[in-house]
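# Secondary and tertiary structure notes
Residue-level listing of the chains:
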Amino acid sequence: MTNPDPIKKIAESSFMKEFREFINRGNVMDLAIGVAVGGAFTAIVKSLVDDMIMPITSLLAGGLDFSTLSLDIPNIFGANSVAHIAYGNFLQNVVNFLIIAFTIFIIVRLINRMNRKHDKDVADAKNEAKAEATKKNSKG
């Protein structure tokens, strides 16, 4: 009696079949595409914030460079080291987040508006077809 190949046994298991079905569903592929596009979009937003918004904000703040804002906290245990807290980078990341969140809000809002208009058009067409059918039935 020979033992079945363990890799073949795993590949043919119901778990793996279910996993293949899951991967092949459209929404998983859509998610993967969304992650890839999101990564590219993040690079664009980072450039927008770092190269355009923060320099203007810096000018308005009297030439302050936010990326260099930091705080050094000395080591209280006597060692010759400090904790460097770069809160300027944190501020830039908060601005990045707000821009991304606002952009996503605008996109979702536009999509919802288009869906509502489409749903209204479909409902109007159905009501019109119903009215035509009722009109035809009442004449005949």
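Residues numbered from 1 in each chain as written. Predicted model: local features only at pLDDT ≥ 70, side-chain atom pairs only at ≥ 80, totals over all residues. Heavy atoms only, no water.

### Quick notes on the overall build of the chain
- The helix and strand inventory of the chain stands at 4 helices and 2 strands.
- What you see in the chain, going N to C, is helices and strands ordered as α-α-α-β-β-α.
- Its C-alpha atoms give the chain a radius of gyration of 29 Å, clearly above 14 Å, the size a compact globule of 140 residues would have.
- C-alpha atoms of the chain, sized along the principal axes, occupy 95 × 75 × 25 Å.
- When the 140 residues of the chain are sorted by exposure, 9% land in the buried category. (Helix = DSSP H or I, 4+ residues; strand = E, 2+ residues; numbered from the N terminus. Rg over C-alpha atoms; globule rule 2.2 N^0.38 Å. Buried < 20%, exposed > 50% of the residue type's maximum accessible area, 1.4 Å probe, protein only.)

### Considerations on the environment of V122
- Tracing the backbone through its elements, the reader meets V122 in helix α4 (residues 87-139).
- Distance in space between the C-alpha atoms of V122 and K8 is 51 Å, their sequence separation being 114 residues.

### Section: the side chain of N96
- Mapping N96 onto the fold places it in helix α4.
- Contacts of N96, omitting those with residues within four sequence positions, involve V45, K46 and V49. (Contact = heavy atoms within 4.5 Å.)

### Some remarks on the nonpolar core
- V45, V49, M54, F66, L69, I99 and I100 together form the largest nonpolar core, which totals 7 residues.
- Going through the elements one at a time, α3 (26-60) and α4 are the ones with two or more residues in this core.
- Take this core: its biggest share by element is 3 residues, from α3.
- Those residues in contact with V49, other than ones at most four positions away along the chain, are M54, P55, Q92, V95, N96 and I99. (Core = buried A, V, L, I, M, F, W, Y, C linked by side-chain atoms within 4.5 Å.)

### Some remarks on a nonpolar patch on the surface
- Together, L71, I73, I85, Y87, F90, L91, V94, F97 and L98 make up an exposed nonpolar region whose accessible area comes to about 820 Å².
- Put simply, the parts of the chain that give the nonpolar patch at least two residues each are β1 (71-74) and α4.
- If you tally residues by element for the nonpolar patch, the top one is α4, at 6 residues.
- Summarising the element assignment, F97 is placed in helix α4. (Patch = residues over 30% accessible without salt bridge, like charges linked within 9 Å, V, L, I, M, F, W, Y side chains within 5 Å. Areas by Shrake-Rupley, 256 points an atom, 1.4 Å probe, with all protein chains shown as cover. Salt bridge = Lys/Arg side-chain N within 4 Å of Asp/Glu carboxyl O.)

### Description of the side chain of Q92
- Mapping Q92 onto the fold places it in helix α4.
- Residue classification places Q92 among the buried residues on the basis of a relative accessible area of 11%.
- Setting aside its immediate chain neighbours within four residues, Q92 contacts V49, D50, M54 and S67.

### Things to note about the pattern of salt bridges
- Inspection of the entire model under this criterion finds 3 salt bridges.
- Across the salt bridge formed by K117 and D121, the nearest N and O atoms sit 3.3 Å from each other. Residue K117 and its partner D121 are located together in helix α4, separated by 4 residues, close to a single helical turn.
- For K117, a relative accessible area of 52% gives the class exposed.
- Look at D121 and you get partly exposed, because its relative accessible area is 40%.
- As a salt-bridge pair, D124 and K120 come within 3.3 Å of each other at their nearest N and O atoms.

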